[in-house]
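Reading the structure
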Amino acid sequence: INDDNNDNVCNNVLRPPVRQALAMCVVVEVCYSLLGLTRSKPHQVLVFNIARMLIEFVYSNRVPCLCWQHVLAMLAWTLGDTIRFGCFALLHANKKWAFAIKAVRYTFGPIMLPIGAFSEM
């Protein structure tokens, strides 16, 4: 498979759903903070997510589509947000397991954040 075909598949098949999922996560996270469902301040959430959007919509267009750093950043963001949002949902649904749910969230968060930050650079 040649590089032109890889970039074409990546730009037309892979990037659109990734960008759509990222935009949906931004909306959910900002709404969570505005409703007070997290301790995060809305302006902090907005700044963090604007940085993510700039990385995906501006920077990623300047690197090869399957650049390993970009793929690693997307993987770290996906796993980190899935765990975080899943823990939020579970915590609201089941208060009995709050300690275990928070343990999962606060164990994986510090692992995924540096991986994502490293790969963004």
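Residues numbered from 1 in each chain as written. Predicted model: local features only at pLDDT ≥ 70, side-chain atom pairs only at ≥ 80, totals over all residues. Heavy atoms only, no water.

**Section: the packing of helix α2 (residues 42-57) against helix α3 (residues 68-93)**
- Put simply, α2 and α3 touch, their axes get as near as 12 Å, and they point 145° apart. Between α2 and α3 lies a crossing of left-handed hand. In this structure, α2 uses R52, I55 and E56 to contact α3, whose residues at the interface are H70, M74, W77 and D81. (Axes fitted to C-alpha atoms, helices over the stretch in contact; angles between N-to-C directions. Helix = DSSP H or I, 4+ residues; strand = E, 2+ residues; numbered from the N terminus. Left-handed = near helix turned anticlockwise from the far one by under 90°. Contact = heavy atoms within 4.5 Å.)

**A closer look at the confidence of the model for the chain**
- Mean pLDDT over the chain works out to 80, with 95% of the residues at or above the 70 mark.
- Averaged over each element, pLDDT in the chain is lowest for helix α4 (residues 98-120) (80) and highest for α2 (84). (pLDDT = per-residue confidence, 0-100.)

**Things to note about the environment of R52**
- Structurally, the position occupied by R52 is in helix α2.
- For R52, a relative accessible area of 7% corresponds to the buried category.
- With 30 residues separating them along the chain, R52 and L22 place their C-alpha atoms 8.4 Å apart.
- If near-sequence neighbours (up to four positions away) are discounted, R52 is found in contact with L22, W77 and D81. (Buried < 20%, exposed > 50% of the residue type's maximum accessible area, 1.4 Å probe, protein only.)

**A few points about α3**
- With 26 residues, α3 extends 37 Å between its outermost C-alpha atoms, agreeing within 8% with the 38 Å of an ideal straight helix rising 1.5 Å per residue.
- Every buried residue of α3 is accounted for by H70, A73, M74, A76, W77, G80, D81, R84, F85, C87, F88 and L91. (Expected span 1.5 Å × (residues − 1).)

**Some thoughts on the environment of L75**
- Mapped onto the elements, L75 comes out in helix α3.
- Looking at L75, the relative accessible area reads 47%, which means it is partly exposed.
- Along the chain, L75 and M112 lie 37 residues apart, while their C-alpha atoms are 9.2 Å from each other.

**Here's the deal with α2**
- With 16 residues, α2 should reach 22 Å at 1.5 Å per residue; the first-to-last C-alpha distance of 22 Å fits that figure.
- For α2, the set of buried residues is V45, N49, R52, I55 and E56. The buried residues of α2 occupy an angular sector of 110° when projected down its axis, which confines them to one face. Seen from the open side of α2, the exposed residues pointing more than 90 degrees away from its buried face are H43 and V47. (Arc of directions from axis to C-beta.)

**Regarding the side chain of E56**
- Along the chain, E56 falls in helix α2.
- Note on E56: relative accessible area 0%, which makes it buried.
- With residues near it in sequence (within four places) discarded, E56 still touches R15, V18, R19, L22, H70 and M74.

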